[in-house]
Amino acid sequence: METTDSDKHWYVVLTRTNSERKVRDYFQLQEVDTFLPVQNRVIEREGKRIERERLLLPRMVFVHISRQEMAAVRSTLNVYDFLRDRSTGAPTCLPDVQMADFRYMLDYSQDQVILTGESIPKGTRVVVAKGDLQGLRGELVRYNNKYHILVRIDMFGSAMVTIPASYVRKEK
């Protein structure tokens with residue numbers, strides 16, 4: 001499949017420290033499709049339960065843009081650069097399918113999503129048939145003696161969440 005400069009792809013924008021939300025908000029005002037991977041977690045402080053939003057990938061915002069829009073995105077305040085391929089120096093483009101599955105996992109999972117750079121052996125290709133993540137495609141793997149559904153993300157490793165093995169079926 002050939003791509004043109006006007007085709008949109010997912011790229012990772014590197015931001016200045018603690019500027020991720022500002023950059024995301026600015027891009028949303030400019031009507032750029034963005035994704036900031038965050039997860040809510042409950043912490044206890046002085047006997048009170050507080051819900052906090054935690055960044056999963058600090059200093060990174062995902063943007064869905066064309067090559068023509070790269071210069072404008074790169075010149076945005078608090079944007080440092082694009083995540084680049086080490087061998088070519090070109091901005092790294094992430095496949096739409098991986099981004100869709102990663103976003104779905106973060107949006108609908110009730111459990112903590114684990115991001116790991118570990119090399120995890122390939123698992124069985126599955127689709128979640130029931131539960132919060134119904135419809136999610138990924139691999140069923142055993143990690144720390146528990147079953148997880150795993151989504152591989154180029155340049156980052158893997159995102160996974162604990163799931164009962166009975167909730168999945170083999171992908172056709």
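See above for the structure.
The structure contained in this document is the topic of the report that follows. It should be emphasised that the depicted structure is a prediction, and the values quoted were computed from it without experimental measurement.

Re the overall build of the protein
Scanning the protein for helices and strands turns up three helices and 13 strands. Along the longest, intermediate and shortest principal axes, the C-alpha atoms of the protein span 50 × 45 × 30 Å. Counting the 172 residues in the protein, one finds 42% classified as buried. Considering only intrachain contacts with a sequence separation of at least 6, the fraction spanning at least 24 residues in the protein is 63%. Total accessible area on the protein is roughly 10600 Å²; 45% of this is exposed by carbon and sulfur atoms. One way to put it: in the protein the 27 positive side-chain charges average out to a point 6 Å from where the 23 negative ones average out.

Regarding the pattern of salt bridges
Tallied over the full model, the rule gives nine salt bridges. With a shortest N-O distance of 3.9 Å, Arg49 and Glu44 are connected by a salt bridge. By relative accessible area, which is 63% here, Arg49 ends up exposed. Among the ionic pairs, Arg152 bridges to Glu139, the shortest N-O distance being 2.8 Å. Of this pair, Arg152 sits in strand β11 (residues 146-153) while Glu139 sits in strand β10 (residues 137-143); the two residues are 13 residues apart in sequence, bridging distant segments of the chain. Since its relative accessible area comes to 5%, Glu139 is described here as buried. If you follow the salt bridges from partner to partner, you end up with Arg74, Asp81 and Arg84 in one network.

A word on the pairing of strand β12 (residues 157-162)
When strand β8 (residues 114-116) meets β12, the two strands line up antiparallel, connected through three bridges. Residue Leu115 lies in a different strand from β12, and its bridge partner there is Ala159. Note: β11 against β12, six bridges, orientation antiparallel. Each residue of the ladder has a partner; that of Arg152, found in β12, is Ser158.

Here's the deal with the packing of aromatic side chains
As enumerated under the stated definition, the model contains seven aromatic pairs in all. Through a chain of ring-to-ring contacts, three or more aromatic side chains come together here, namely Phe35, Phe62, Phe102 and Phe156. A cation sits over an aromatic face here: Arg142 above Tyr147, 4.9 Å from the ring centre.

Comments concerning helix α3 (residues 96-108)
Relative to the 18 Å expected for 13 residues at 1.5 Å per residue, α3 spans 18 Å between its end C-alpha atoms, a close match to the ideal helical length. Those residues of α3 that sit buried are Gln98, Met99, Asp101, Phe102, Met105 and Leu106. Buried positions in α3, seen along its axis, are confined to an arc of 165° and lie on one side of it.

What counts and how
- Residues numbered from 1 in each chain as written.
- Predicted model: local features only at pLDDT ≥ 70, side-chain atom pairs only at ≥ 80, totals over all residues.
- Heavy atoms only, no water.
- Helix = DSSP H or I, 4+ residues; strand = E, 2+ residues; numbered from the N terminus.
- Buried < 20%, exposed > 50% of the residue type's maximum accessible area, 1.4 Å probe, protein only.
- Contact = heavy atoms within 4.5 Å.
- Areas by Shrake-Rupley, 256 points an atom, 1.4 Å probe, with all protein chains shown as cover.
- Lys, Arg positive; Asp, Glu negative; His and termini not counted.
- Charge placed at Lys NZ, Arg CZ, Asp CG, Glu CD.
- Salt bridge = Lys/Arg side-chain N within 4 Å of Asp/Glu carboxyl O.
- Pairing = 2+ DSSP bridges.
- Phe/Tyr/Trp six-rings, centres within 6.5 Å; stacked < 30°, edge-to-face > 60°.
- Lys NZ or Arg CZ within 6 Å of the ring centre and 35° of its normal.
- Expected span 1.5 Å × (residues − 1).
- Arc of directions from axis to C-beta.

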